[in-house]
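Read off the chains here:
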Amino acid sequence: MTKLTKNPSGEAALKKLGRIPGILVTAILAIPAWIIGEKFPIIGSPVLGILFGMILAFFKRPQAFETGITYTSKKLLQYSIILLGFNMNLYSVLKVGRQTIVLMLFTLTATFLSAYFIGKLLKVEKNTNILIGVGTAICGGSAIAATAPVIQADDEDVARSISTIFLFNVIAAFLFPFLGHLFQMSDYHFGLWAGTAVNDTSSVVAAGYSFSNAAGNLAVIVKLTRTLMIIPVTLVLALFVSRNKAKDSKVNYSLSKIFPWFILGFVAASIISTFLPIPDAAKEFLVKAGKYIIVMAMSAIGLNTNLVKLVKNGLKPIILGLSCWVVLSLTSLLVQFTILNL
């Protein structure tokens with residue numbers, strides 16, 4: 001008898017086709033969010049995308065949509081940020097990057113110290129404490145996903161931490177633009193604030209562009225610079241774990257898996273936009289496509305949000321997450337207006 005052999009290329013093609021239904025759902029859901037957001041820019045299409053997704057999340061949907069929805073909220077969001085690079089100028093990126101390093105030194109230190117002491121006071125489980133601290137300080141779910149295998153956290157730790165961080169991501173997408181307008185912040189100050197004080201890339205994008213295009217552009221640059229801190233933090237944690245677990249010093253750690261590769265795409269797009277004579281119409285099309293995909297990603301994130309489960313995960317992690325987030329937000333503003341004198 002002839003043995004049946006697997007066809008890797010065929011399986012990969014089927015996997016890609018399986019994403020289409022979920023991607024289409026997010027694309028359709030993004031249409032009203034985009035239209036209303038264009039008419040009422042103070043609300044913003046990304047926030048509306050999250051809101052519409054959260055409303056539909058209460059209704060049961062076919063399993064066939066799940067793969068595409070997850071793909072949109074993760075991979076397509078990264079691709080959309082690459083497209084936003086065509087709206088950037090490399091000289092501005094370098095200039096903002098220097099100021100961001102100073103902000104990061106203070107905000108990361110303040111957040112990690114807060115997580116350590118408040119977590120100890122609340123008696124939050126150690127791995128959950130670390131994950132919430134890293135997720136708040138660096139970049140939400142991505143930092144948690146990168147850190148979890150390094151500290152050998154279990155699924156419960158990861159679920160609790162991501163749920164806690166995501167709760168404040170959603171709140172930030174609505175609250176930050178409101179506070180920014182209330183205190184009459186400039187696009188520059190708000191962009192720095194959102195880029196350094198909002199946890200996840202998705203919420204930074206939502207909050208930034210809901211405030212203004214200029215603030216959104218700056219917030220993305222600052223956030224991408226901040227995301228790079230995943231690398232040194234996870235390296236330090238890996239060394240710490242390996243030192244304290246002499247019996248099993250081989251930590252499951254891979255730099256290629258945690259490195260935010262989409263940043264290289266964003267930088268490449270910025271270089272192309274800065275130095276090559278690309279027509280303005282082409283740049284505008286690429287940037288608009290990126291922004292629309294962002295609304296799709298926000299819709300997908302809303303579809304995966306279950307507020308009831310978030311509340312049921314426990315009060316202590318939520319208090320810890322809130323405390324770290326408040327410290328991070330206030331530290332960012334304090335450094336901006338005192339040390340940097342912006």
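Treat the numbers as computed from the prediction; the structure is a model and nothing was measured.

Scoring rules and cut-offs
- Residues numbered from 1 in each chain as written.
- Predicted model: local features only at pLDDT ≥ 70, side-chain atom pairs only at ≥ 80, totals over all residues.
- Heavy atoms only, no water.
- Helix = DSSP H or I, 4+ residues; strand = E, 2+ residues; numbered from the N terminus.
- Buried < 20%, exposed > 50% of the residue type's maximum accessible area, 1.4 Å probe, protein only.
- Contact = heavy atoms within 4.5 Å.
- Areas by Shrake-Rupley, 256 points an atom, 1.4 Å probe, with all protein chains shown as cover.
- Core = buried A, V, L, I, M, F, W, Y, C linked by side-chain atoms within 4.5 Å.
- Phe/Tyr/Trp six-rings, centres within 6.5 Å; stacked < 30°, edge-to-face > 60°.
- Salt bridge = Lys/Arg side-chain N within 4 Å of Asp/Glu carboxyl O.
- pLDDT = per-residue confidence, 0-100.
- Axes fitted to C-alpha atoms, helices over the stretch in contact; angles between N-to-C directions.
- Parallel < 35°, antiparallel > 145°, perpendicular 65-115°, else oblique.
- Left-handed = near helix turned anticlockwise from the far one by under 90°.
- Nonpolar A, V, L, I, M, F, W, Y, C, P; charged D, E, K, R; others polar.
- Polar contact = N/O pair within 3.5 Å; in protein donor to acceptor, adjacent residues only side chain to side chain.

Visitor: Help me understand the overall build of the protein chain in this model?
Guide: When its secondary structure is counted, the protein chain shows 16 helices and zero strands. Residue burial in the protein chain is summarised as follows: out of 342 residues, 51% are buried. The contacts in the protein chain between residues at least 6 apart in sequence include a share of 83% that link residues at least 24 apart. Summed over all atoms, the accessible surface of the protein chain reaches about 17200 Å², with 69% contributed by carbon and sulfur.

Visitor: Any chance you could explain the nonpolar core here in plain terms?
Guide: A general tendency of soluble globular proteins is for nonpolar side chains to be buried together. Of all hydrophobic cores here, the largest spans 44 residues; its most connected members are Ile50, Ile81, Val220, Leu224, Phe266 and Met298. A per-element tally of this core places helix α14 (residues 280-303) first, with eight residues. When neighbours within four sequence positions are excluded, Ile81 is seen to be in contact with Thr201, Val220, Leu224, Phe262 and Phe266. In terms of nonpolar packing, the next biggest core, distinct from the first, is built from 27 residues, Ile144, Leu237, Ala238 and Val241 among them.

Visitor: Honestly, the side chain of Ser329 in this entry has me stumped. Any pointers?
Guide: Note that Ser329 resides in helix α16 (residues 315-337). Apart from the residues lying within four places of it in its own chain, the contact partners of Ser329 are Phe176, Trp193 and Ala197.

Visitor: Just checking my understanding: could you explain the packing of aromatic side chains for this structure?
Guide: Within a pair of aromatic rings, the relevant descriptors are the distance that separates the centres and the angle that separates the planes. Per the counting criterion, the structure on display carries seven aromatic pairs. Consider the rings of Trp34 and Tyr292, whose centres lie 5.5 Å apart with planes at 65°: the pair is edge-to-face. Here Tyr292 lies in helix α14 and Trp34 lies in helix α1 (residues 8-39), a separation of 258 residues in the sequence. With a centroid separation of 4.2 Å and 10° between ring planes, the pair formed by Phe190 and Phe211 is classed as stacked.

Visitor: For this particular structure, what's the right way to read the pattern of salt bridges?
Guide: Between side chains of opposite charge, a pair can form as their charged atoms come close. Within this structure, the stated rule accounts for one salt bridge. Of the charged contacts, one joins Glu66 and Arg61 as a salt bridge, the two residues approaching to 2.7 Å between their closest N and O atoms. For Arg61, a relative accessible area of 22% gives the class partly exposed.

Visitor: Would you mind going over helix α8 (residues 187-197) with me for this structure?
Guide: The buried count for α8 comes to nine of eleven residues, which makes it a mostly enclosed element. For α8, the complete set of buried residues consists of His189, Phe190, Gly191, Leu192, Trp193, Ala194, Gly195, Thr196 and Ala197.

Visitor: Sorry, what's going on with the confidence of the model for the protein chain here?
Guide: For the protein chain, mean pLDDT is 82; residues scoring 70 or higher make up 86% of the total. Within the protein chain, the element-level pLDDT minimum falls on helix α12 (residues 255-258), averaging 55, and the maximum on α16, averaging 92.

Visitor: I'm lost on unusual backbone geometry in this one. Help?
Guide: Negative phi characterises most residues that are not glycine, and trans characterises most peptide bonds. Backbone geometry at Lys123 places phi at a positive 60°, although glycine is not the residue there. Structurally, Lys123 is set in the loop between α4 (90-122) and α5 (126-139). The residue Gln184 is not glycine, and still its phi comes out positive at about 55°. With respect to the element layout, Gln184 can be found in the loop between α7 (155-182) and α8.

Visitor: Please explain the side chain of Ser114 as it appears in this structure.
Guide: Summarising the element assignment, Ser114 is placed in helix α4. Among residues more than four places away in sequence, those in contact with Ser114 are Gly119, Cys324 and Val327.

Visitor: Before we go on, may I ask you to explain the packing of helix α3 (residues 66-84) against helix α13 (residues 262-275) in this structure?
Guide: For any two helices packed against each other, the geometry is given by the interaxial angle and the distance between the axes. Relative orientation of the contacting elements α3 and α13 amounts to 20°, with a least axis distance of 7 Å. Considering the angle they form, α3 stands roughly parallel to α13. Seen along the crossing, α3 lies across α13 with a hand that is right-handed. Only Phe262, Gly265, Phe266 and Ala269 of α13 make contact with α3, whose side of the interface consists of Gln78, Ile81, Ile82 and Leu84. Of the residues belonging to the contact of α3 with α13, the class tally is six nonpolar, two polar and no charged.

Visitor: I keep staring at the environment of Arg61 and nothing clicks. Help me out?
Guide: You can see Arg61 is positioned in the loop between α2 (45-56) and α3. In this structure, the C-alpha to C-alpha distance between Arg61 and Leu303, residues 242 residues apart in sequence, is 9.8 Å. Discounting chain neighbours no more than four positions away, the residues touching Arg61 are Glu66, Ile69, Leu303 and Asn304. A distance of 2.7 Å separates a polar atom in the side chain of Arg61 from a polar atom in the side chain of Glu66. Of note is the side chain of Arg61, whose polar atom sits 3.0 Å from the backbone oxygen of Leu303.

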